[in-house]
Amino acid sequence: MGNSKHLGLFLLAPAGIFVILFFLAPVVLTGVFGFTNMSTATGITGGSYMVSESAMRPLRSRFGEDALADQLSKRIYTIDEEGLQAAAEAGGDAAALTELRSNFFNESFGNRREVETAIKSLNARPSTTRGIKIISAQFVKSVINVRFDTFEELLTSIADFGIELSDDQIEALADVTYTGWTFTLQNFKTMVELPDTRKTLINTLFYVFTTLILFNTGFALVLSISTHYMPTGPAGFFRSIWLLPRVTPPVLYVLMWKWLAWDTGFLSVILEPMGFAPRNWMLDSPTNAWVFIILINGIVGASMGMLIFSSAIKAIPASLFHASEVDGATRRQQIWHIILPQLRWPILFITIYQTLSLLTSFEYILLATDGGPGGATEVWALSTYLKALQNYGGALQYGYGAALSLVLVVIGISVSLIYLKLFDFKNLTAPPKIE
Amino acid sequence: MRILLDKFTKKFGNLTVIDEMDLEIHDGEMIALLGGSGCGKSTTLFAICGIHKVNGGRILFGDKDVTNVTSQERNVGVVFQSFALYPHMSVEQNIGFPLKLRKESQSEIKRKVDEIAEMVHIENLLQRRPGELSGGQQQRVALARALIRRPDVLLLDEPLANLDATLRLEMRSEIRRIQRETGITAVLVTHDQTEAMSMCDRIAIMDAGKIVQITEPKDMYDNPVSDFVAGFLGSPPIAFLSGQIKDGNFIEPSTKTKIPLSGNITKNHNGRNVRIGVRPEFFQPGSGITIGGKVTFIESQGRETLFNVTLSNGTILRSIQGKRSESKIGDQVEWGIDAQKILVFDEDGARL
Ligand SMILES: Nc1ncnc2c1ncn2[C@@H]1O[C@H](COP(=O)(O)OP(=O)(O)OP(=O)(O)O)[C@@H](O)[C@H]1O
Ligand SMILES: [Mg+2]
């Protein structure tokens, strides 16, 4: 019996592993990735060092090392042992190479034409242009676009290239030539600077709160309260109707909305005789798009609140309804003074739950408008998905996407805390003084 | 306010729970609806306050037909069996709720709540929630809420069922006092005969949706119209002996005991099979017509002792005795029945 307390832990271990693997780890990784510049360009493993065009740009702009950048970007041609050997292996004319060694050994040329002029000046010069080119190609010296596994190798190569570097320059180079991901706050700076971010944020808040207030809690309350006052049969029927969208596969469900809104769809067909030109009603204007987005999400979203509220109303003792009627309460007063106060906890639950799920779910928007027209319905979660996982104007920006998700998490937690405060959560859960 | 139920009928689906009930409750009277579980007491109460729609007949308050008036407009105060206090409101808000619904001013509500709270002795509990009250305190709050708008009628559905014995005794007189003070017409639903007898001016005994007898408690005890009523009132209950009327006497066949009956009963019923009811206080040692049996059960009730005496045919007679008795279980005894006090019922249970 002594190890019975360990038994519990032991039995929970598999669950614990799953929790860590599938819940905790992704959150932690997202948090970490948010502070990196990870993208398809950097890869998600470590990187190498390379003097590239894109590395020279920050060298000039951030460090003001224009001269160094110019030097590094140059190609020079030097007649050295290494080049001569390579030329021999590439099939260069042996006599020409011997003469080249004796005439120009260790001489450098600024470009390829100058090397070729020197080769042409040889007595044993190759007879064809191709023969000349085979040889000249072997003497090119450049650090540009060469990958080095370590920074030291890059430095050696630069030294070979004949460039002397100051300590500051070394530091700058280490920074700009690294091709892997690095930790940075740049994502958050970018987020604040981009005007799109503000737009997306406003879209998100509008989308979440409009859907929430109108449908997920508002309409759900209307449905559950009105069915409460109906006879059981019709009430059950009415509730099941509102459950249908919930059990329809999302893709099909949105497809039906699209069909409704298409330029050859239902709306266009019935509105045409009334003088409205057929069009895609959903993507016609931002207002229309929003109306559809909110309806699509709201009609699905209301069903859950309806179920929770309905069962909560059922749980109110019938005697409270009887008592309030006898006390003189009209139906309106009954709703206001008896039902709603009793629903405070379910309403809080649904509000928090639906806020979080509206904040993070974007599948209906993705399927319906894909954020259009012109980004008008792009919400935070969708934008995160597009930046991080959808090829959207080029590379996938994992780091930026993660940073966006991180902000979403922070927004979600803050909003929940505000709700708890608003609904006076402490009082709701305070233990009763007398059982 | 007088209440009149005129051929009141209530059905739930195909089930007729109350069939053409007539009941008149006088102004200022407190009446008890007494009956076993499921006999339709609550249903009657719910019809009077308008929670249930009636399926037939009329309900009159005074001379006004309220059959189709909603419960909101009947001005009836109800204390529900479960009290039905609003859990999310303080005691003060609970009591003031009916006034708040009528949009009376805050100060007016406060004044009336304080006044009624004093009457039911809960002045110091006003800020608590119902969940923080004992059963007896909740009961007073429910009573205060029912009384605050000076209803024409007060309905109480087994208000004391949840209370312990002492509290029940206390609340009995408390409710009666308040009912007298306010002069309100009241209906008390209960299945506790003591409660009905001690609190009410009249008792209406119900059985399977019908009122079997309605009269004052004392009269009902002494003159029940049927064996059902006789069996319902009295604790410990009345005992019945089966036998025959022969030549002015009741003959108990197993013991051949002869009990003389009054002349007007025997006149028309000679030879008829009947049952007589003997209350425990009228079956005592040393007086009356003796009948022999064996003591099979003794229960001390403190001041009094209850004996069961089983006759040779298995019938049980009960005796309640004040003074100490030497009898033990298994003793053969010969105790007397008071012939003046026996009640005679025919085969169908109707009183002769
Ligand atoms: N809402 C209802 N639907 C169907 N039948 C009902 C309903 N309410 C009561 N009944 C039936 O009507 C009959 C009378 O019920 P009622 O509640 O009036 O009994 P009661 O005398 O108050 O009993 P108790 O002492 O147990 O409270 C019962 O047989 C009950 O099953
Ligand atoms: Mg009842």
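Residues numbered from 1 in each chain as written. Chains lettered and ligands numbered in written order. Predicted model: local features only at pLDDT ≥ 70, side-chain atom pairs only at ≥ 80, totals over all residues. Heavy atoms only, no water.

### A short note on the state of the cysteines
Residue and element names in this part refer to chain B. Tallying each qualifying case throughout the model produces zero disulfides over all chains. Left without a disulfide partner, Cys 49 is nearest to the cysteine sulfur of Cys 39, which lies 16 Å away. Judged by its relative accessible area of 1%, Cys 49 falls in the buried class. No disulfide involves Cys 200; its nearest neighbouring cysteine sulfur is the one of Cys 39, lying 15 Å away. We classify Cys 200 as buried; its relative accessible area is 7%. (Disulfide = S-S within 2.5 Å. Buried < 20%, exposed > 50% of the residue type's maximum accessible area, 1.4 Å probe, protein only.)

### Remarks on the site of ligand 1
All names here are of chain B. Near ligand 1 the following residues occur: Phe 12, Val 17, Gly 36, Ser 37, Gly 38, Cys 39, Gly 40, Lys 41, Ser 42, Thr 43, Glu 158 and His 191. A distance of 3.2 Å is found between an oxygen atom of ligand 1 and a backbone nitrogen or oxygen belonging to Cys 39. In this structure, Lys 41 approaches ligand 1 through a side-chain N or O atom, which is 2.7 Å from an oxygen atom. Alone, ligand 1 offers 630 Å² of accessible surface; in the complex the protein occludes 59% of this. The element that contributes the greatest number of residues to the shell around ligand 1 is helix α1 (residues 41-49), accounting for three residues. For the shell around ligand 1, the per-class residue count stands at three nonpolar, seven polar and two charged. (Near = heavy atom within 4 Å. Polar contact = N/O pair within 3.5 Å; in protein donor to acceptor, adjacent residues only side chain to side chain. Areas by Shrake-Rupley, 256 points an atom, 1.4 Å probe, with all protein chains shown as cover. Helix = DSSP H or I, 4+ residues; strand = E, 2+ residues; numbered from the N terminus. Nonpolar A, V, L, I, M, F, W, Y, C, P; charged D, E, K, R; others polar.)

### Some details on the environment of Arg 140 of chain B
When you line up the elements, Arg 140 of chain B lands in helix α4 (residues 135-147). In the structure, Arg 140 of chain B is positioned 78 residues away from Lys 218 of chain B in sequence and 29 Å away in space, judged by C-alpha atoms.

### Describing the domain arrangement of chain B
By a frequent convention, interface size equals the accessible area lost on bringing the separate parts together. Residue and element names in this part refer to chain B. For chain B, the assigned domains read domain 1 (3-232) and domain 2 (239-345). In this structure, domain 1 and domain 2 have C-alpha centres spaced 39 Å apart. With six residues of domain 1 at the contact, the number on the domain 2 side is six residues. Both sides together, the interface formed by domain 1 and domain 2 hides about 570 Å², and carbon and sulfur atoms give 54% of it. Together, Tyr 221, Asp 227 and Ala 230 form the three largest contributors to the area buried by domain 1 at its contact with domain 2, with a combined 75%. Across the contact surface, domain 1 and domain 2 share one salt bridge. The salt bridge partner of Asp 227 is Arg 275, with a shortest N-O separation of 2.7 Å. Run the count over domain 1 and domain 2 and you get three residue pairs in polar contact (both at pLDDT 80 or more). Sorting the residues of the side of domain 1 that touches domain 2 by element identifies α7 (217-222) and α8 (227-232) as the ones contributing at least two each. Grouping the amino acids of the side of domain 1 that touches domain 2 by side-chain chemistry returns three nonpolar, one polar and two charged. (Domains from an automatic or database assignment. Contact = heavy atoms within 4.5 Å. Buried area = accessible area lost by both parts, 1.4 Å probe. Salt bridge = Lys/Arg side-chain N within 4 Å of Asp/Glu carboxyl O.)

### Looking at the sheet that holds strand β4 (residues 140-141) of chain A
What the three strands build is an open sheet, ordered β3-β2-β4 (chain A); its pairing is antiparallel. Among the strands making up the open sheet, the edge pair consists of β3 (108-109) and β4 of chain A. (Pairing = 2+ DSSP bridges.)

### Details of the domain arrangement of chain A
Once the domains are mapped, chain A shows domain 1 (75-141) and domain 2 (199-428). For domain 1 of chain A versus domain 2 of chain A, the distance between C-alpha centres works out to 74 Å.

### A few points about the interface of chain B and chain A
On the chain A side, the residues contacting the 25 residues of chain B number 18 residues. Summed over both partners, the interface of chain B with chain A comes to about 1900 Å²; 60% of that surface belongs to carbon and sulfur atoms. Linking chain B to chain A there are one salt bridge. Across the pair Asp 327 of chain A and Arg 145 of chain B runs a salt bridge, and its minimum N-O distance is 3.6 Å. The tally of links between chain B and chain A comes to seven residue pairs in polar contact (both at pLDDT 80 or more). Only α1, β6 (76-79) and α2 (91-101) of chain B provide two or more residues apiece to the side of chain B that touches chain A. It is α2 of chain B that provides the largest number of residues to the side of chain B that touches chain A, a total of four residues. Counted by class, the side of chain B that touches chain A contains 15 nonpolar, five polar and five charged residues.

### Structural notes on the packing of helix α16 (residues 318-326) of chain A against helix α17 (residues 331-342) of chain A
A packed helix pair is summarised by two numbers, namely the angle formed by the two axes and the spacing between the axes. Residue and element names in this part refer to chain A. The contact between α16 and α17 brings their axes to 10 Å, and the two run at 155°. Judged by the angle between their axes, α16 and α17 are roughly antiparallel. As for how α16 packs across α17, the hand of that crossing is right-handed. Only Gln 334, Ile 338, Ile 339 and Gln 342 of α17 make contact with α16, whose side of the interface consists of Leu 320, Phe 321, Ser 324 and Glu 325. When the residues that make up the contact of α16 with α17 are grouped by side-chain class, the tally is four nonpolar, three polar and one charged. (Axes fitted to C-alpha atoms, helices over the stretch in contact; angles between N-to-C directions. Parallel < 35°, antiparallel > 145°, perpendicular 65-115°, else oblique. Left-handed = near helix turned anticlockwise from the far one by under 90°.)

### A closer look at the side chain of Thr 78 of chain A
Residue and element names in this part refer to chain A. Mapped onto the secondary structure, Thr 78 falls in strand β2 (residues 76-78). At 3.1 Å, the side chain of Thr 78 forms a polar contact with the side chain of Ser 108. In this structure Thr 78 touches Glu 107, Ser 108, Phe 139 and Lys 141, once residues within four positions along its chain are discounted.

### What about a nonpolar patch on the surface?
All names here are of chain A. A cluster of nonpolar side chains, Ile 20, Leu 24, Val 28, Val 32, Phe 35, Phe 183 and Leu 185, forms an exposed patch at the surface whose accessible area comes to about 650 Å². Looking at the secondary structure, you find Leu 24 in helix α1 (residues 4-33). Judged by relative accessible area, which is 48%, Leu 24 ranks as partly exposed. (Patch = residues over 30% accessible without salt bridge, like charges linked within 9 Å, V, L, I, M, F, W, Y side chains within 5 Å.)

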